[in-house]
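This is what each chain is made of:
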Amino acid sequence: AQKVTQAQTEISVVEKEDVTLDCVYETRDTTYYLFWYKQPPSGELVFLIRRNSFDEQNEISGRYSWNFQKSTSSFNFTITASQVVDSAVYFCALSDNNAGNMLTFGRGTRLMVKP
Amino acid sequence: DAMVIQNPRYQVTQFGKPVTLSCSQTLNHNVMYWYQQKSSQAPKLLFHYYDKDFNNEADTPDNFQSRRPNTSFCFLDIRSPGLGDAAMYLCATSRGRGGYNEQFFGPGTRLTVL
């Protein structure tokens, strides 16, 4: 069965620190997709990135970067030089054929960035 | 801007009193989803529509129903809300059902049951 584990329930950092959010997934499918979403206090889930299982290239978007490693079934998310506006709950999610291509979410990691 | 809109943002209802939450989208996406999210938990899929085709998750209580009268609108009906149904309800859309389709979420409706 598919499963997403975000072991870090809550992380607190001081502004300008770098922070990495961990995500480990399980799936039997060879084709699958991984996502990160951000949920600020307002409640809306904001799409950040999608990665397919055939593309292990790391990606950088501004202060955000993602490290996808199939060997360890991990898809970690790093924020460089964190800012107070980064404070949110971050969800990692998996989509594969076993779940009818529906999203399986991790439990989320709450990131608090203090000034 | 193309978007997913949910109304109202906050809804208060009484125990057992039917309530309807609404969602609309300007993205012209084929798929619309309803999720329930309780405090400090991940969103849980209740059901989704692929066009007019309704798909219920196996563990979604019968108390929850949905309607999609057209492409743009989707409603969540809770027939007899209980205290345990207090949660954030998130609507989402995607172009298709394939796993490569990211879902776009609305701001949510926070439901309080008194």
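For the structure given in this document, a descriptive report is provided here.

Criteria and cut-off values
Residues numbered from 1 in each chain as written. Chains lettered and ligands numbered in written order. Predicted model: local features only at pLDDT ≥ 70, side-chain atom pairs only at ≥ 80, totals over all residues. Heavy atoms only, no water. Helix = DSSP H or I, 4+ residues; strand = E, 2+ residues; numbered from the N terminus. Polar contact = N/O pair within 3.5 Å; in protein donor to acceptor, adjacent residues only side chain to side chain. Contact = heavy atoms within 4.5 Å. Disulfide = S-S within 2.5 Å. Buried < 20%, exposed > 50% of the residue type's maximum accessible area, 1.4 Å probe, protein only. Pairing = 2+ DSSP bridges.

### Overview of the side chain of Thr13 of chain B
Residue and element names in this part refer to chain B. Residue position: Thr13 is located in strand β2 (residues 10-13). Polar contacts involving the side chain of Thr13 include one to the main-chain carbonyl oxygen of Lys17, which spans 3.1 Å. Discounting chain neighbours no more than four positions away, the residues touching Thr13 are Pro18, Val19, Pro81, Leu111, Thr112, Val113 and Leu114.

### Describing the state of the cysteines
Here the structure, examined in full by the defined rule, presents two disulfides over all chains. The disulfide bridge from Cys23 of chain A ends at Cys92 of chain A, spanning 2.0 Å between sulfur atoms. The sign of the S-S torsion, about -65 degrees, decides the handedness of the disulfide formed by Cys23 of chain A and Cys92 of chain A: left-handed. Note that Cys23 of chain A is positioned in the loop between β3 (19-21) and β4 (24-26) and Cys92 of chain A in strand β10 (residues 88-96), a separation of 69 residues in sequence. With a sulfur-sulfur separation of 1.9 Å, Cys23 of chain B is cross-linked through a disulfide to Cys91 of chain B.

### Details of unusual backbone geometry
The linkage connecting Asn7 of chain B with the following residue, Pro8 of chain B, adopts the cis geometry, with an omega of -10 degrees. Take Pro8 of chain B: it is sitting in the loop between β1 (4-7) and β2. Its identity is not glycine, yet Lys16 of chain A carries a phi of approximately 85 degrees, on the positive side. Considering the arrangement of structural elements, one finds Lys16 of chain A in the loop between β2 (10-14) and β3. Despite not being glycine, Ser40 of chain B has its phi angle at roughly 60 degrees, a positive value.

### Topic: the pairing of strand β5 (residues 32-39) of chain A
Residue and element names in this part refer to chain A. With respect to burial, β5 is a largely interior element, eight of its eight residues being buried. Every second residue of β5 is oriented toward a common face, with Tyr32, Leu34, Trp36 and Lys38 on one face and Tyr33, Phe35, Tyr37 and Gln39 on the other, all of them buried. As paired elements, β5 and β10 share eight bridges and run antiparallel to each other. Paired with Lys38 across the strands is Tyr90, a residue of β10. Summarising the sheet, β5 and strand β6 (residues 46-52) pair through six bridges and their orientation is antiparallel. Each bridged residue has a counterpart across the sheet, and for Tyr33 the counterpart in β6 is Asn52. Turn length for the β5-β6 hairpin, with the two strands adjacent in sequence and antiparallel, is six residues, and the turn residue Gly43 shows positive phi of about 105 degrees.

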